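Results of the structural survey
Read off the chains here:
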Amino acid sequence: MELLELIETLNSAHGPSGDEGSVRAVIEKLAAPYADEVSIDTLGNLIVRKKGSGPKVLFAAHMDSIGFIVTHIEEKGFLRVGRLGGISPKEAVYTPVRFKNGVRGLLVPEEKADFGKLKLDECFLDIGARSEEEAKQLVRVGDTAVYDTAVFANEGSGQVFSPYLDNRISCAVLLSALERLPRDCPNDLYFAFTVQEEVGLRGARTAAFGVDPDYGIAVDVTDVDDTPGSEKSGTTQLGKGAAVKVMDSSVICYPAVVAKLEDLAQKHNIPVQRDILRGGGTDAGAIHTTRMGVRTGGISVPCRYIHTPNEASDLADARACADLVLAFAQAEL
Ligand SMILES: [Zn+2]
């Protein structure tokens, strides 16, 4: 399947942190034809194995997204919500959201709220219910919601705008690499689609413990330094290739893995750039400290406007990431 089509397919599935069942089912169906083994661990990570006799390599992309969880249903039918992961209320208001059961709504700030310092407590979710009873017919406390915004790309441009490129674009990268792997691979490959990354890299921790890999590669989006007024929290640029992670606030990558990824990129003519993220982490943070330690690196898709209702990436960068995953998967390690 083409990357854009994959992103659209994955985005139409529900999957905020802790409630990844729907997106996992979609990924499982897409991955199964190419897998030797598929398993789901207790936390809900989907682990797709392609058997080999060489070292164990774990590729991890989190499939959860940030989102909202209903905490209160008020008398007039409005909802109050908590956050799942790094939601900024200022960025989220006036954005349509949808629940797993298809109910839709709009997050709105209270009129008296100071927009500059907007807190989630000062926002409510309007689902069009006229009373508490009516609202309770539609949702329950504990139900989760995600952004319901469109995926689009302008003709002639490789740049895609979409909610949840973090991290559905990396799930698409892993799926497209898996599709293209030859029948027999030297390394013992595990593709983990992890849960609960956005609330603290929780799924990757149990996935890595269970797989006990020799090498770990987290595939995730990374921040850019290429928009007007950039705060330079990232080092990458859209359209300049796959980003090889050197460091973020959760990990300092294993130097030999960084070097291997850069060597492979050169050998296979894959455009790459270096990724240092000043804030934020990835599954690599949980993987590298597993058991006695795992040689860990990261392959990142440069992404603008991360954690807003519409993020932006270049599909050519995602293709380069898939090529690099494919190269590392088959490399002599
Ligand atoms: Zn992410």
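The structure reproduced in this document is the subject of the present report. (Residues numbered from 1 in each chain as written. Predicted model: local features only at pLDDT ≥ 70, side-chain atom pairs only at ≥ 80, totals over all residues. Heavy atoms only, no water.)

**Thoughts on unusual backbone geometry**
The step from Asp-166 to Asn-167 runs through a cis peptide bond, and the omega angle for that step is 15 degrees. By the secondary structure assignment, Asn-167 is in helix 5 (residues 165–180). (Helix = DSSP H or I, 4+ residues; strand = E, 2+ residues; numbered from the N terminus.)

**Let's talk about helix 1 (residues 3–11)**
All of the buried residues in helix 1 are Leu-3, Leu-6, Ile-7, Leu-10 and Asn-11. Projected onto a plane normal to the axis of helix 1, the buried residues spread over an arc of 125 degrees and lie on a single side. (Buried < 20%, exposed > 50% of the residue type's maximum accessible area, 1.4 Å probe, protein only. Arc of directions from axis to C-beta.)

**Describing the pattern of salt bridges**
For the coordinates displayed, the defined rule picks out 18 salt bridges. The partner of Glu-134 in a salt bridge is Arg-130, and the shortest N-O contact between them spans 3.2 Å. The exposure class assigned to Glu-134 is partly exposed, which follows from its relative accessible area of 27%. Note on Arg-130: relative accessible area 70%, which makes it exposed. Ionic contacts of the salt-bridge type, sharing partners, join the residues Glu-37, Arg-49, Lys-51 and Asp-188 into one network. (Salt bridge = Lys/Arg side-chain N within 4 Å of Asp/Glu carboxyl O.)

**Side note on the environment of Ser-65**
Examined against the element boundaries, Ser-65 turns out to sit in the loop between strand 3 (56–62) and strand 4 (67–73). With a relative accessible area of 1%, Ser-65 lands in the buried category. On a C-alpha basis, the gap between Ser-65 and Val-146 in space is 7.9 Å, while along the polypeptide they are 81 residues apart. Residue contacts for Ser-65: discarding those within four places in its chain leaves Gly-15, Pro-16, Ser-17, Val-146, Tyr-164, Arg-168 and Glu-198. (Contact = heavy atoms within 4.5 Å.)

**Considering the sheet that holds strand 10 (residues 152–153)**
With respect to topology, three strands assemble into an open sheet ordered 10-11-18, the strand pairing being antiparallel. Both outer strands of the open sheet, strand 10 and strand 18 (311–314), are each paired with one neighbouring strand and no more. The pairing of strand 11 (residues 159–162) with strand 18 spans four bridges and is antiparallel. Considered in strand 18, the bridge of Gln-159 is made with Asp-314. Set on the sheet, helix 9 (residues 315–330) makes contact with strand 11 and strand 18; between it and strand 18 the angle comes to about 65 degrees. (Pairing = 2+ DSSP bridges. Axes fitted to C-alpha atoms, helices over the stretch in contact; angles between N-to-C directions.)

Remember that the coordinates give geometry; whether it matters functionally is a separate question.
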